[in-house]
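# Structure assessment
Listed here are the chains, written in short residue letters.
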Amino acid sequence: LVPASTCNFVAEQFSELLESDDGDVEVLIGCEGKPFRVHSLVMKVRSSFFKAMLSSGMQESRQQAIRLPSLSAQSFQMFLPFVYGGCLKGEVTDVGL
C-alpha cells in the first residue's frame with residue numbers, strides 16, 4: 001500500500017500542474033468561450049468524456065482547442081481541481097463529464 005502522505009504529495013504536484021500555464025490543449029467553455037489551458041494526458045486519464053474526445057480520432061483530438069458551449073465556466077473551473085488533484089470544492093450541478 002502507498003502511504004497517505006505519498007498520495008497527498010502526488011495530488012499536490014498535480015494541483016500545481018493545473019496552476020501552471022503550460023497545458024497543451026485549450027478548452028473553451030460556455031457561449032462566451034472562456035479559455036482554460038489543460039493537459040490532454042491528465043484529462044484523458046481522469047475523464048472518460050475527455051478520453052473519448054481526445055483519443056478517438058474526433059475533430060477535437062486533432063485540434064489545439066476544444067469548444068464546450070453548453071457547460072458553464074464556473075462549473076468547469078470547479079471540476080478541474082478534482083481532475084488534477086482529486087478534490088472537489090463547492091457544489092457542481094451541471095457538469096456531466
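Below, the structure is looked at part by part. (Residues numbered from 1 in each chain as written. Predicted model: local features only at pLDDT ≥ 70, side-chain atom pairs only at ≥ 80, totals over all residues. Heavy atoms only, no water.)

### Here we look at the overall build of the chain
Rules: Numbering goes from the N terminus for both helices and strands, where a helix is a DSSP run of H or I of at least four residues and a strand is a run of E of at least two. Contacts are assigned to residue pairs that have any heavy atoms within 4.5 Å of one another. Values of accessible area rely on a 1.4 Å probe in the Shrake-Rupley scheme; residue burial ignores everything except the protein chains shown.
For the chain, the count of helices and strands is four helices and three strands. Element order for the chain, N to C, with α for helix and β for strand: α-β-β-α-α-β-α. For the chain, long-range pairs separated by at least 24 residues make up 50% of all intrachain contacts whose partners lie at least 6 apart in sequence. Counting every atom, the chain has about 6200 Å² of accessible surface; 54% of that belongs to carbon and sulfur.

### Thoughts on the pairing of strand β2 (residues 34-38)
Consecutive residues of a regular strand have side chains that alternate between opposite faces of the sheet. What counts is decided by this rule: Any two strands with at least two DSSP bridges between them are considered paired.
Pairing geometry for strand β1 (residues 25-29) and β2, over five bridges, is antiparallel. If you follow Ile29 over to β2, its bridge partner there is Lys34.

### Description of helix α4 (residues 73-85)
Each α-helix turn comprises 3.6 residues. Residues three or four places apart therefore point the same way. Here is the rule we go by: In a helix, the anticipated span is given by 1.5 Å times the number of residues less one. Only protein chains enter the accessibility calculation, which uses a 1.4 Å probe; a residue is then buried when its area is under 20% of its type maximum, exposed when over 50%, and partly exposed in between.
Spanning 13 residues, α4 covers 19 Å between terminal C-alpha atoms, matching the ideal 18 Å at 1.5 Å per step. Regarding α4, the residues found buried are Ala73, Ser75, Phe76, Met78, Phe79, Leu80, Val83, Tyr84 and Gly85. A positive phi of about 80° marks Gly86, the residue just after α4.

### Some remarks on the environment of Leu28
One can find Leu28 in strand β1. For Leu28 and Ile66, which are 38 residues apart along the polypeptide, the C-alpha to C-alpha distance reads 5.9 Å. Each residue touching Leu28, except ones within four places of it in the same chain, is listed here: Gly33, Lys34, Pro35, Ala65, Ile66, Arg67 and Leu68.

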